[in-house]
Amino acid sequence: MTAVAKRLKAQALLFFGPPGAGKGTQAHAVAVEFGIPHISTGEMLREAARKRTPLGLAAQVRMDRGELVSDEVVSAIAAERIARPDCASGFILDGFPRTIGQAEFLDALLDEQGRGKPLVLYIQVNSGSLLKRLGGRRICPVCGRIYNMYFNPPQHDEVCDADGARLVRRADDNDGAILHRLESYTTLTRPLIEYYRERKVLVDVDGDRAPDEVTRDVIQWVTAA
Ligand code: AP5
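Figured I'd write up the structure that's included with this text. As the structure is a prediction and not an experimental result, all values here were calculated from the model.

The rules we used
Residues numbered from 1 in each chain as written. Predicted model: local features only at pLDDT ≥ 70, side-chain atom pairs only at ≥ 80, totals over all residues. Heavy atoms only, no water. Core = buried A, V, L, I, M, F, W, Y, C linked by side-chain atoms within 4.5 Å. Buried < 20%, exposed > 50% of the residue type's maximum accessible area, 1.4 Å probe, protein only. Helix = DSSP H or I, 4+ residues; strand = E, 2+ residues; numbered from the N terminus. Near = heavy atom within 4 Å. Polar contact = N/O pair within 3.5 Å; in protein donor to acceptor, adjacent residues only side chain to side chain. Areas by Shrake-Rupley, 256 points an atom, 1.4 Å probe, with all protein chains shown as cover. Pairing = 2+ DSSP bridges. Axes fitted to C-alpha atoms, helices over the stretch in contact; angles between N-to-C directions. 1 Å grid on protein atoms, 1.4 Å probe; cavity = no way out; pocket = protein on both sides within 12 Å on 5 of 7 lines; lining within 4 Å. Points joined across faces, edges and corners; volume = space filled by probe spheres on them. Nonpolar A, V, L, I, M, F, W, Y, C, P; charged D, E, K, R; others polar. Phe/Tyr/Trp six-rings, centres within 6.5 Å; stacked < 30°, edge-to-face > 60°. Lys NZ or Arg CZ within 6 Å of the ring centre and 35° of its normal. Salt bridge = Lys/Arg side-chain N within 4 Å of Asp/Glu carboxyl O.

On to the nonpolar core, then. Ranked by internal contacts, the top residues of the largest apolar core, which has 30 residues, are Phe91, Leu93, Leu106 and Tyr196. Only β1 (12–16), α4 (54–65), α5 (71–82), β3 (91–94), α6 (100–112), β4 (119–124) and α9 (191–198) provide two or more residues apiece to this core. Residue contributions to this core peak at five residues, all from α5. Among the nonpolar cores identified, the runner-up in size contains 22 residues, and Phe15, Leu121, Val125 and Val218 belong to it.

Here you go:
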């Protein structure tokens, strides 16, 4: 076991919460702190769409509408990514699992690999700020830095502070898709809260604070004593 693995409470860290809760923001910070991979199924699907692979193009239609991609497709890409050597000591899953079927798949996979139980960080945010977070999100297409026009704007209007590139909006950050994403979360993803609470692996994180404050809290939760 490496030093990194010893510092973590669990090998599989799951960042869970509604769209816009800050899963990507927090997962990135923890990945940097512990030197482990940050696996975002949403980002993997967007990357496949950018490369215009058959899987990516099929997924894009659903993502742009704010619907979930099928359990089979997403579970397969998550399993393939977790099997890579850089995940040997631990990894972060951001946006997976999102249905009971995906959670059962992941449990079986972690069991099979002898990795122990996951630790689930449930980031809670009130619904008013979720809409501002999603509607105000802008991304640098060059370096991937995430901004928010309400809470964390760039120094110059819609331009990346780091490289001067014009910021873009995600295709699913429009009113119609946001509504669908919130509905999918309520009906298909929220039931996972009970699923993981019953298994005593879920911790509640107050996400309605400045990002750095949330990160400090999250790092305490994931660090082994
Ligand atoms: P995905 O990419 O996972 O999107 P999501 O779940 O909708 O979550 P977001 O990325 O929108 O939000 P986030 O919680 O990461 O917040 P962020 O840190 O960016 O999935 C996209 C699509 O892919 C899905 O709709 C589905 O179609 C498909 N998909 C993916 N996984 C799937 C799966 N497992 N099964 C089936 N389909 C799947 O922050 C948001 C904004 O808020 C930013 O602007 C940020 O700067 C700001 N912010 C963050 N934290 C704070 C804070 N503390 N205070 C103020 N502002 C903050």
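Lining the immediate surroundings of the ligand are 35 residues, of which Thr25, Glu67, Arg98, Arg137 and Arg181 lie closest. Backbone polar atom of Gly95 to a nitrogen atom of the ligand: 2.8 Å apart, as the coordinates give it. In this structure, Asn148 approaches the ligand through a side-chain N or O atom, which is 3.0 Å from an oxygen atom. If the ligand stood free it would expose 1,000 Å²; the protein chains cover 96% of that surface.

Relative to the elements of secondary structure, Arg190 occurs in the loop between α8 (175–189) and α9. When its relative accessible area of 45% is taken as the criterion, Arg190 is described as partly exposed. When the C-alpha atoms of Arg190 and Ala27 are compared, they prove to be 19 Å apart, with 163 residues separating the residues in sequence.

Let us now look at the sheet that holds β4. Read from one edge of the open sheet, five strands run β2-β3-β1-β4-β7, paired in parallel fashion. Pairing within the sheet leaves two strands with one partner each, and these edge strands are β2 (38–40) and β7 (202–206). Put simply, the sheet's adjacent strands are angled 25 degrees from each other on average, direction ignored. Inspection of the sheet shows β1 paired to β3 by four bridges, in the parallel sense. Within β3, the residue paired with Leu13 across the bridge is Ile92.

This paragraph deals with the layout of surface pockets. Taken as a whole, the second largest pocket holds about 170 Å³ of empty space. Of all the elements, helix α3 (residues 41–50) adds the most residues to the lining of the second largest pocket, at four residues. Class assignment for the residues of the lining of the second largest pocket results in five nonpolar, one polar and four charged.

Bringing the packing of aromatic side chains into the picture now. One pass over the full model with this rule turns up four aromatic pairs. The interplanar angle of 55 degrees and the centroid separation of 6.3 Å between the aromatic rings of Tyr150 and Phe151 together place this pair among those described as tilted. Through successive ring pairs, a cluster of aromatic residues spans Phe16, Tyr122 and Tyr185. Sitting over the face of the ring of Tyr150, Lys132 holds its NZ or CZ atom 5.1 Å from the ring centroid. Across the ring face of Tyr195, the terminal group of Arg199 is positioned such that the distance to the ring centre comes to 3.6 Å.

So, on to the pattern of salt bridges. Inspection of every chain in the model, using the stated rule, returns 19 salt bridges. Linking Arg62 and Glu67 is a salt bridge whose minimum nitrogen-to-oxygen distance equals 3.7 Å. Assessed through its relative accessible area of 36%, Arg62 is described here as partly exposed. Residues joined in a network through salt bridges with shared partners are Glu43, Arg46, Glu47, Arg50 and Lys51.

Nothing here speaks to function; it is all geometry.
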